[in-house]
Amino acid sequence: MRQIKIGNTAETVVERSDYPPARLKEILGKETIAVLGYGVQGRGQSLNMRDNGVNVLIGLRDKSSGWQLAEKDGWVAGKTLFPLEEAAKRGTIIQYLLSDAGQKDFWPKLKPHLTAGKALYFSHGFSIVFSDQTGVVPSKDVDVILVAPKGSGTTVRRHFLEGKGINASFAIHQDATGRAKDRCLACGIAIGSGYLFETTFKKEVVSDLTGERGVLMGAIYGLWLAQYEVLRAHGHSPSEAFNETVEEATQSLYPLIGENGMDWMYANCSTTAQRGALDWFTAFRDVTKPVFEELYRKVEAGDETRRTLEANSRPDYRAQLEKELRAVADSEMWRAGAEVRSLRPERDKK
């Protein structure tokens with residue numbers, strides 16, 4: 001395992017070479033991994049494990065839309081595809097990948113199947129850390145582990161198929177068998193992680209919820225929308241406002257940051273762009289930092305998880321979500337985006 005040091009902080013990184021195929025087989029060869037849920041994470045992780053030769057089965061609500069998708073992906077009813085409780089009964093490592101609200105709802109039915117020696121696996125610390133809201137409290141005779149890919153399950157799968165490996169976090173909440181860490185890391189490599197950093201369930205969920213509401217999704221869209229609206233208000237066309245706000249960021253500058261870092265991206269832009277970025281980034285930091293502080297406090301206090309559980313447990317949750325997403329899709333900025341994306345030359349090759 002590789003050691004890295006950033007400033008005064010030393011960290012250990014687990015890489016694929018630490019858990020080669022022979023070691024994966026040694027650790028997971030006698031395990032049956034039951035993946036409960038076939039959303040973006042459940043689908044991506046289970047397909048990657050299957051391709052890695054792991055014994056995997058899927059647990060879903062019978063005849064749901066996820067069930068139909070799983071059958072399309074080659075999971076066979078009665079062999080590798082079962083109702084949730086039957087899958088949980090059969091699994092020795094249970095990957096609990098239902099939605100956070102779904103985990104709370106199904107927990108009373110799952111708990112009897114968590115017999116001694118099994119492992120309960122999460123990809124998010126939500127249910128364990130905020131157990132006062134979810135009721136998810138495993139017994140002391142099971143391992144409780146976490147592997148949290150730093151990206152969508154779609155990316156987990158795509159990177160795997162491209163021979164890459166996604167960055168992931170791992171944590172051990174409870175080691176009942178003495179094998180929790182090996183089980184955790186073997187699963188982490190089997191689902192397609194290229195390298196893993198150790199964390200805790202608490203740090204994972206607080207950082208993740210802050211990031212999703214912040215620069216990963218909420219804040220970035222808010223900043224894009226603000227700039228787009230200013231440009232449009234001053235007479236710029238929809239395509240020009242979109243190109244200068246989103247298209248150049250996602251198609252040119254962000255990939256450069258991902259490849260070599262912010263400093264490298266700055267160094268490979270015009271001197272005018274460099275000067276403007278260096279002069280203005282502190283102003284944006286100073287304005288937004290209080291918002292991030294407030295966001296962090298609300299996440300840490302459990303306010304955000306409480307809102308999530310309440311909203312996602314409502315009978316009209318799906319209809320309301322579709323309404324909100326449709327409003328985004330129908331906004332001028334993303335209608336401009338659809339038109340601009342349709343012009344990309346690579347679309348003609350599909």
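See the structure printed just above.
Bear in mind the structure is a predicted one, so any value in this text is a computation, not a measurement.

Structural notes on the layout of surface pockets
Now for step 1: As a volume, the second largest pocket reaches approximately 210 Å³.
Now for step 2: Forming the walls of the second largest pocket are 13 residues, and the residues nearest its centre are Pro-21, Leu-24, Lys-25, Asn-52 and Val-54.
Now for step 3: Each residue belonging to the lining of the second largest pocket can be placed in one class, and the counts come to 7 nonpolar, 4 polar and 2 charged.

Observations concerning helix α1 (residues 21-28)
Now for step 1: Restricting attention to buried positions, one finds in α1 the residues Leu-24, Ile-27 and Leu-28. Along the long axis of α1, the arc covered by the buried residues comes to 80°, so they all point the same way. More than 90 degrees from the buried face of α1, the exposed residues found are Ala-22, Lys-25 and Glu-26.
Now for step 2: Of the surrounding secondary structure, the elements contacted by the buried residues of α1 are β6 (93-96) and α9 (180-190).

Observations regarding the environment of Asn-243
Now for step 1: Looking at the element boundaries, Asn-243 is found in helix α12 (residues 238-260).
Now for step 2: Leaving out residues up to four positions away in the same chain, Asn-243 has contacts with Glu-248 and Val-340.

Topic: the pattern of salt bridges
It is possible for side chains bearing opposite charge to pair when their charged atoms get close.
Now for step 1: A complete count under the given rule lists 18 salt bridges for this structure.
Now for step 2: For Arg-2, the salt bridge identified is with Glu-15, shortest N-O distance 3.2 Å. On the criterion of sequence distance, the pair formed by Arg-2 in strand β1 (residues 2-6) and Glu-15 in strand β2 (residues 9-15) is long-range, its members being 13 residues apart.
Now for step 3: By relative accessible area, which is 48% here, Arg-2 ends up partly exposed.
Now for step 4: Residue classification places Glu-15 among the partly exposed positions, given a relative accessible area of 22%.
Now for step 5: Here Lys-164 makes a salt bridge to Glu-162, at a shortest N to O gap of 3.2 Å.

Here's the deal with the pairing of strand β10 (residues 193-198)
Now for step 1: Two elements, β2 and β10, share 3 bridges in a ladder whose sense is antiparallel. Bridge pairing in β10 links Val-14 to Leu-196.
Now for step 2: Relative to β10, strand β9 (residues 166-174) runs parallel, the two sharing 5 bridges. The partner of Ile-166 across the bridge, within β10, is Ser-193.
Now for step 3: Following the chain from β9 across α9 to the adjacent parallel β10, one finds a crossover that is right-handed.

Some remarks on helix α11 (residues 218-233)
Now for step 1: Here α11 is 16 residues long and its end C-alpha atoms lie 22 Å apart, about the 22 Å a rise of 1.5 Å per residue gives.
Now for step 2: When we look at burial in α11, the residues that qualify are Ile-220, Trp-224, Tyr-228 and Leu-231. For α11, the angular spread of buried residues about the axis comes to 65°, placing them on one side.
Now for step 3: Here the buried face of α11 lies against α12 and α17 (332-342).

Re a nonpolar patch on the surface
Now for step 1: There is a patch of nonpolar side chains on the surface, built from Val-215, Leu-216 and Met-217 and spanning about 340 Å² of accessible area.
Now for step 2: Among the structural elements, Val-215 can be located in the loop between α10 (201-213) and α11.

Focus on the packing of helix α16 (residues 317-330) against α17
Now for step 1: Taken N-terminus to C-terminus, the directions of α16 and α17 make an angle of 65°; their axes are 5 Å apart at the nearest point. Mapping the contact onto sequence places Val-328, Ala-329 and Asp-330 in α16 and Glu-332, Trp-334 and Arg-335 in α17.
Now for step 2: Taken together, the residues that form the contact of α16 with α17 break down as 3 nonpolar, no polar and 3 charged.

Observations concerning the sheet that holds β1
Now for step 1: A sheet is described by the order of its strands in space; here 10 strands give the open sequence β1-β2-β10-β9-β8-β7-β6-β3-β4-β5, paired in mixed fashion. Only two strands of the sheet have a single partner each, and these edge strands are β1 and β5 (81-83). Neighbouring strand axes in the sheet, compared pairwise and without regard to direction, differ in orientation by 30° on average.
Now for step 2: In terms of strand pairing, strand β4 (residues 56-60) meets β5 through 3 bridges, oriented parallel. Within the sheet, the bridge partner assigned to Leu-60 lies in β5 and is Pro-83.

Calculation rules
- Residues numbered from 1 in each chain as written.
- Predicted model: local features only at pLDDT ≥ 70, side-chain atom pairs only at ≥ 80, totals over all residues.
- Heavy atoms only, no water.
- 1 Å grid on protein atoms, 1.4 Å probe; cavity = no way out; pocket = protein on both sides within 12 Å on 5 of 7 lines; lining within 4 Å.
- Points joined across faces, edges and corners; volume = space filled by probe spheres on them.
- Nonpolar A, V, L, I, M, F, W, Y, C, P; charged D, E, K, R; others polar.
- Buried < 20%, exposed > 50% of the residue type's maximum accessible area, 1.4 Å probe, protein only.
- Helix = DSSP H or I, 4+ residues; strand = E, 2+ residues; numbered from the N terminus.
- Arc of directions from axis to C-beta.
- Contact = heavy atoms within 4.5 Å.
- Salt bridge = Lys/Arg side-chain N within 4 Å of Asp/Glu carboxyl O.
- Pairing = 2+ DSSP bridges.
- Right-handed = clockwise from strand over helix to strand, strands pointing away.
- Expected span 1.5 Å × (residues − 1).
- Patch = residues over 30% accessible without salt bridge, like charges linked within 9 Å, V, L, I, M, F, W, Y side chains within 5 Å.
- Areas by Shrake-Rupley, 256 points an atom, 1.4 Å probe, with all protein chains shown as cover.
- Axes fitted to C-alpha atoms, helices over the stretch in contact; angles between N-to-C directions.

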